[in-house]
There are 2 protein chains.
Amino acid sequence: MTNLAEYIETVNGIFDRENFVSEPHELYEPIDYTLRLGGKRIRPTLLLAANSLFGGDIETVKDAALGIETFHNFTLLHDDLMDRSPLRRGKPTVYTKWDENTAVLSGDTMFAIAWRYFLRQPTTQLREILQCFVETAIEVCEGQQKDMNFERRGLADVSLADYLDMIRQKTAVLLAGALKIGALYADAPVEDISRLYDFGIHLGLAFQMQDDLLDGYGDTAVFGKKTGQDIRDNKISFLLLTALTMCDDTKRSALTGYFSSKDNMDEEEKVRRVMEIYDSIGLKAEVEKNVDAEFVAAKRSLDMIDAEENLKKPLRELVTALDGRKK
Amino acid sequence: MTNLAEYIETVNGIFDRENFVSEPHELYEPIDYTLRLGGKRIRPTLLLAANSLFGGDIETVKDAALGIETFHNFTLLHDDLMDRSPLRRGKPTVYTKWDENTAVLSGDTMFAIAWRYFLRQPTTQLREILQCFVETAIEVCEGQQKDMNFERRGLADVSLADYLDMIRQKTAVLLAGALKIGALYADAPVEDISRLYDFGIHLGLAFQMQDDLLDGYGDTAVFGKKTGQDIRDNKISFLLLTALTMCDDTKRSALTGYFSSKDNMDEEEKVRRVMEIYDSIGLKAEVEKNVDAEFVAAKRSLDMIDAEENLKKPLRELVTALDGRKK
């Protein structure tokens, strides 16, 4: 396979053929529902592509691909419960469609099932692979805790560095971990695994920073939802924290005021005023520069990997697709 | 080590020396709190004793002992959240001392940490050990779901066989799994592992059936809490389901009536009347016969294992201690 579309098709085929239903059905129906919601399935795609880079065989990593995506969906399921998000991929989340206890227990079971997938295929690298998986999983939990802490701590107590550390753990390490695991199955050289891991970290940071950028500057028609939601929710974002480093004192205290929950201003008026400040300091260009820098760093890590260029092509296509995404 | 007290002391020492605190502390403090609450630590004790049966070395299984108990405490933490239990071992549960989100995420992290412990010690049996662990974990989740289902399904729809299946998954398989894992580390013969697993299942069933027995017939002064709580809570138990198989139609419909939540009778009056029916059919002796049968079956499985008698002694002491327990 030498293009991204083939990898995505392969991953979707793996999921289509897998059975997620068992007894008691009260436990497994929400799991099947969650894993069939689809989504971009970036993590298993990365795992497969990384494995191919070093001459791996799809058959030996398809269980790991199921495992990494099952884990990812478990974290989404519990995050949606903790964040009280009613929708995921346009469909009701498990805790709204069923109830809170179902979300807790089905999520726990998905985490266990992820391990079962990783254990299905024998491999001489088993301990190393699972150690990568468990350290990744723990970092994702730590990242989610840090994200929840931000809300309690408030704006004055969260730096741009804190935020980058949080998105690295909550998002980037899982992309990096998926790539590393794929490479470990193919017994790749240590230095290349490390470069691939860096590639995943930069890609993940770029992805998350871009998410925040789209919330402020996405084209509503393409983006599919109203922009400015982070502002309405008083949510700490890469946009806001970057803006605070660029503002003079007057604008900084105005921004801080708008993002304090005590403010009773009309929501749309608030969005308009915040965006006015953002525009006045040239925030969009500054953030785009940061996003670009992460994509460039990702490409540089990929360049340095000792593998055939045609095998790198799917990963390059993925970078291009994410770089150019409008939603 | 040739007696139970030494094993328990060893297990407690392992926990005393282990550090469970890390950053962010909002995530790890509830984990440390939970793992320091103590409890009987039966599962790691079983794991160590099973390992010694086949000439194992404590040093190679102490991480697995930490892993199995961390997993067990994770399930208690999430069960307490789902069951809304305010107290555990006489102390506030995590969701009451902190909040629901903390209980969800600290629990998830404990499950991951359990895996980290299992991965810390290299072993040639790694895949087999972890497969035993993951299948055990999945069964425990299924058992908890079945337990929650009973409340929704109501008495008419739950048989004694359903109940035994539930307690087997929710309680017994983890005791059996701990024993099997200990034996796997010592590379024990397959037939002995299977006998040890059966020993754990019988022990677990006896333990849980006895729990229900003590709720009805425990000596309040020793038991430490009021008896009859399952009756007050309309809780389906081994006592009730056994009673229903022994009753004539009149008593059966009376019992069913008392356990329907629509009944507004004074609680203590209800307990008195239910116990009157239980006594009239000789329930206590019948249930004791069942509990004894499980303990006897456990001992028989232990007898059949090809290991030195002095190494079996700690496990025999554990059976005796559980058999004679009054609380």
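Thresholds, definitions, all that
- Residues numbered from 1 in each chain as written.
- Chains lettered and ligands numbered in written order.
- Predicted model: local features only at pLDDT ≥ 70, side-chain atom pairs only at ≥ 80, totals over all residues.
- Heavy atoms only, no water.
- Helix = DSSP H or I, 4+ residues; strand = E, 2+ residues; numbered from the N terminus.
- Contact = heavy atoms within 4.5 Å.
- Areas by Shrake-Rupley, 256 points an atom, 1.4 Å probe, with all protein chains shown as cover.
- Lys, Arg positive; Asp, Glu negative; His and termini not counted.
- Charge placed at Lys NZ, Arg CZ, Asp CG, Glu CD.
- Buried < 20%, exposed > 50% of the residue type's maximum accessible area, 1.4 Å probe, protein only.
- Least-squares fit on C-alpha atoms with pLDDT ≥ 70 in both.

Here we come to the overall build of chain A. A tally of helices and strands in chain A yields 16 helices and 2 strands. C-alpha extents for chain A along the principal axes are approximately 60 × 50 × 35 Å. Long-range pairs, those at least 24 residues apart, make up 73% of the contacts in chain A between residues at least 6 apart in sequence. Total accessible area computed for chain A in this model is approximately 13,400 Å², and 49% of it derives from carbon and sulfur atoms. Between the mean site of the 41 positive side-chain charges and the mean site of the 56 negative ones, chain A shows a separation of 2 Å.

Turning our eyes to something else, we now look at unusual backbone geometry. The peptide bond linking glutamate 23 of chain A to proline 24 of chain A adopts the cis configuration, its omega dihedral lying at -5 degrees. With respect to the helices and strands, the residue proline 24 of chain A is situated in the loop between helix H1 (4-17) and helix H2 (25-35). Positive phi is not limited to glycine here, since arginine 89 of chain A has a value of about 50 degrees. With respect to the element layout, arginine 89 of chain A can be found in the loop between strand S1 (87-88) and strand S2 (91-92). You can call arginine 89 of chain A partly exposed: its relative accessible area is 35%. The phi torsion at arginine 84 of chain B lies on the positive side, around 55 degrees, for a residue other than glycine.

In this fold, glycine 90 of chain B is placed in the loop between strand S1 (87-88) and strand S2 (91-92). Distance in space between the C-alpha atoms of glycine 90 of chain B and leucine 37 of chain B is 9.3 Å, their sequence separation being 53 residues.

Mapping chain B onto chain A calls for a screw motion: a turn of 180 degrees about the axis and a shift of 0.0 Å along it, with 0.1 Å RMSD after fitting. In short, the pair behaves as if placed about a two-fold rotation axis. A shared interface surface links the copies, since 98% of the contact residues of chain B are contact residues in chain A too.

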